[in-house]
Amino acid sequence: MKRLRRQRVRTPKPTTPQLFRTATAKPLRRTPPRPSPTVDRASIQIQDMALTRIGLAGLAVMGQNLALNIAEKGFPISVYNRTTSKVDETVQRAKVEGNLPVFGFHDPASFVGSIQKPRVVIMLVKAGAPVDQTIATLAAHLEQGDCIIDGGNEWYENTERREKAMEERGLLYLGMGVSGGEEGARNGPSLMPGGSFEAYKYIEDILLKVAAQVPDSGPCVTYIGKGGSGNFVKMVHNGIEYGDMQLIAEAYDVLKSVGKLTNSELQQVFSEWNKGELLSFLIEITADIFGIKDEQGEGYLVDKVLDKTGMKGTGKWTVQQAAELSVAAPTIEASLDSRFLSGLKDERVEASKIFQGDYSTGLPVDKAQLIEDVRQALYASKICSYAQGMNIIKAKSTEKGWGLNLGELARIWKGGCIIRAIFLDRIKKAYDRNPNLANLLVDPEFAQEIMDRQAAWRRVVCLAINNGVSTPGMSASLAYFDSYRRNRLPANLVQAQRDYFGAHTYERVDMPGSFHTEWFKTARNSKI
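Residues numbered from 1 in each chain as written. Predicted model: local features only at pLDDT ≥ 70, side-chain atom pairs only at ≥ 80, totals over all residues. Heavy atoms only, no water.

If you check an unreviewed UniProt entry, the chain appears there as 6-phosphogluconate dehydrogenase, decarboxylating from Paspalum notatum var. saurae. Per its UniProt entry, the chain bears the Catalytic activity (unreviewed entry) comment "6-phospho-D-gluconate + NADP(+) = D-ribulose 5-phosphate + CO2 + NADPH". (UniProt positions renumbered as here; feature names shortened; annotations may be inferred.)

See the structure below:
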């Protein structure tokens, strides 16, 4: 009995990173007493170690990189994965990348027990059932007041369901959007935490250091709001990303198919664009892509990539939510449709044999003028895409009572995330000037920019149509602008048709009230 009592070491206090050895699977400790057959070795190891600040479960690329980022910022972190080889791999990476304070555990009990109280565990696992399974595994070892954070691309209603279930067990829950891909996760992502504000305060100090840092506006993280707001905002962020990528692809197609620009010329054009109003992560990487030669053969790699776009669902969710909220989002919808059509590769190949022919006008093209027109069309279309995304967020915020700050969202997207762009600062300022702005298009600065660019925008869309090149995103953006700017649309005829065949009634422009006309009888009598 004496020997067992000596093994019961007192609970250690949270410590600073200096108390940790370089990243290994086992933390620094005195040589523990030899366990008796009735004492678990893992339990003794946990008792003998200095507790870590936070835990992370789910060690695919994003999880590994975020764990290393947290450790590099001075926060000792415990890591766990169901596939134990991922744990060892992460610990080894931490050692190679600077002896970072990362500590690996092969079982959930030891993992949870290694974290200081109140415990905070970030999950980075595939959305849906795997999240529920991971929560069940972790919650079995958590105590009242501990916190779980889901850092995946989860459907916001699932987050709200889980937050309620965790609250009943005395646990806190956050749904946190993480944008920036693997590079962002490692060096500074944009973070969108929503849910329990108390849980957010647990880790605010970590998130402020781990997030991307923008010199003129600070860390790219803020408390988004209640419930599933963090996941919802990340979802719409991804929808805007769909639109952005589609518009850039269309600009490329017009320049290549109509302007006959080479990959070398395209690289130069996009590099130049990245110095002005289009400066952004997506424009930057697009320029890089055009310059990469194919190591497996001749020519450029981009020309060897199959024209079939994948997706993980957030863009579709965004479009579905736009429809549910009755918010027009044609640019984002067009980008989704384009991905669906790209997936019909075999059908498109067969269709191209049926609809053979030269669809080009054959007219000479002024390359310099085309490049400038496409630049302006891309920028104007981009404004429309962001406006649509912001309107979806605003509508959901109103419906749910989240009270989201659209200007603050634009601020945290300025760095780290995939849609980071210089003009997000302009969006923030637009909402700072008028928090109740009905639409970005009517902000005085953006309104003037669109007016200045609409002639070039129309030329590009017409040129593309006349040459048989599809520009669904640019065309949808232009149609959105043209519909929004008109004080009268042909919707009067549509409503008259609805009343004709379905007696749905209509309103009049010259008097109040709801009306119904027996159109069929009136039309028949007028023919007699």
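Having seen the model, we can carry on.
## What about helix H6 (residues 129–139)?
For H6, the set of buried residues is Val131, Thr134, Ile135, Leu138 and Ala139. In an axial view of H6, the angular spread of the buried residues amounts to 125°, which keeps them on one side of the axis. The inward-facing, buried residues of H6 abut strand E1 (54–57), helix H5 (108–113), strand E4 (120–123), strand E5 (147–150), helix H7 (156–168) and strand E6 (172–179). (Buried < 20%, exposed > 50% of the residue type's maximum accessible area, 1.4 Å probe, protein only. Helix = DSSP H or I, 4+ residues; strand = E, 2+ residues; numbered from the N terminus. Arc of directions from axis to C-beta. Contact = heavy atoms within 4.5 Å.)

## Re the pattern of salt bridges
Side chains that differ in sign of charge can pair as their charged atoms come close. Throughout the structure, instances matching the rule amount to 38 salt bridges. Residues Asp425 and Lys429 are paired through a salt bridge, measuring 3.3 Å at the closest nitrogen-oxygen approach. With Asp425 and Lys429 both in helix H18 (residues 424–433) and four residues apart, this pair spans about one turn of that helix. You can call Lys429 partly exposed: its relative accessible area is 43%. What you see here is one network of salt bridges that share partners, running through Arg426, Arg433, Asp443, Glu445 and Glu449. (Salt bridge = Lys/Arg side-chain N within 4 Å of Asp/Glu carboxyl O.)

## Structural notes on the layout of surface pockets
Take a probe with the size of a water molecule and roll it over the atoms, and the empty space left behind shows itself. Size it by volume and the largest pocket reaches roughly 1800 Å³. Lining of the largest pocket is provided by 42 residues; of these, Gln246, Ala249, Tyr252, Asp307 and Thr309 occupy positions nearest its centre. Among the elements that make up the lining of the largest pocket, the one with the highest residue count is helix H10 (residues 229–257) (10 residues). Among the residues forming the lining of the largest pocket, the class breakdown is 21 nonpolar, 13 polar and eight charged. Forming the boundary of the second largest pocket are 30 residues, of which Met62, Asn153, Lys234, Asn238 and Lys312 lie nearest the centre. Counting residues per element, the ones that place at least two in the lining of the second largest pocket are helix H3 (61–72), E6, H10 and helix H13 (314–324). When the residues that make up the lining of the second largest pocket are grouped by side-chain class, the tally is 12 nonpolar, 12 polar and six charged. (1 Å grid on protein atoms, 1.4 Å probe; cavity = no way out; pocket = protein on both sides within 12 Å on 5 of 7 lines; lining within 4 Å. Points joined across faces, edges and corners; volume = space filled by probe spheres on them. Nonpolar A, V, L, I, M, F, W, Y, C, P; charged D, E, K, R; others polar.)

## Description of the sheet that holds strand E3 (residues 102–105)
The mixed open sheet is built from seven strands, whose spatial order is E3-E2-E1-E4-E5-E6-E7. Where the open sheet ends on each side, the last strands, each with one partner, are E3 and strand E7 (190–195). Direction aside, neighbouring strands of the sheet carry axes that sit 25° apart on average. Looking at chain direction, E1 and strand E2 (residues 77–80) are connected through four bridges and run parallel. Bridged to Ala57 within E2 is Tyr80. Contacts from helix H4 (residues 84–96) reach E2 and E3, with the element oriented near 165° to E3. Of the strands in this sheet, E1, E4, E5, E6 and E7 are in contact with helix H9 (residues 197–210), which crosses E6 at around 45°. (Pairing = 2+ DSSP bridges. Axes fitted to C-alpha atoms, helices over the stretch in contact; angles between N-to-C directions.)

## Here we look at the packing of H13 against helix H14 (residues 330–342)
For the pair H13 and H14, the least separation of the axes is 10 Å and the interaxial angle reads 140°. Regarding the angle of H13 to H14, the classification is oblique. Relative to H14, the crossing made by H13 is left-handed. Of H14, the residues touching H13 (which contributes Gly315, Lys316, Thr318 and Val319) are Ile332, Glu333 and Leu336. Its residues assigned to classes, the contact of H13 with H14 shows three nonpolar, two polar and two charged. (Parallel < 35°, antiparallel > 145°, perpendicular 65-115°, else oblique. Left-handed = near helix turned anticlockwise from the far one by under 90°.)

## Brief notes about the packing of aromatic side chains
Geometrically, a pair of aromatic rings is defined through the distance of the ring centres and the angle of the planes. Evaluated as defined, the whole model comprises 19 aromatic pairs. Seen in terms of ring centroids, Tyr200 and Tyr223 are 5.6 Å apart; in terms of plane orientation they differ by 40°. Their pairing is tilted. Placement of the pair is Tyr200 in helix H9 and Tyr223 in the loop between strand E9 (218–219) and H10, with a sequence separation of 23 residues. Here Tyr200 falls in the buried class, since its relative accessible area comes to 4%. Taken together, the aromatic side chains of Trp155, Tyr156, Phe232, Trp317 and Trp402 make up a single cluster linked through ring pairs. One residue, Lys293, lies across the ring of Tyr300, its end atom 5.4 Å from the ring centre. Over the face of the ring belonging to Tyr242 we find Arg339, whose NZ or CZ atom lies 3.7 Å from the ring centre. (Phe/Tyr/Trp six-rings, centres within 6.5 Å; stacked < 30°, edge-to-face > 60°. Lys NZ or Arg CZ within 6 Å of the ring centre and 35° of its normal.)

## As for the UniProt feature "domain: 6-phosphogluconate dehydrogenase C-terminal" (unreviewed entry) in the chain
Listed under "domain: 6-phosphogluconate dehydrogenase C-terminal" (unreviewed entry) in the UniProt record, and renumbered for this structure, are residues 230–520. Secondary structure over residues 230–520 splits into 63% helix and 0% strand, and the C-alpha atoms at its two ends are 52 Å apart.

## What to know about the environment of Ala503
As for its position among the elements, Ala503 is in the loop between helix H21 (491–502) and helix H22 (519–527). Judged by relative accessible area, which is 44%, Ala503 ranks as partly exposed. Remark: the alpha-carbon pair of Ala503 and Phe515, spanning 12 residues in sequence, is separated by 9.3 Å. In this structure, Ala503 is in contact with Arg498 and His516, ignoring residues within four places of it in sequence.

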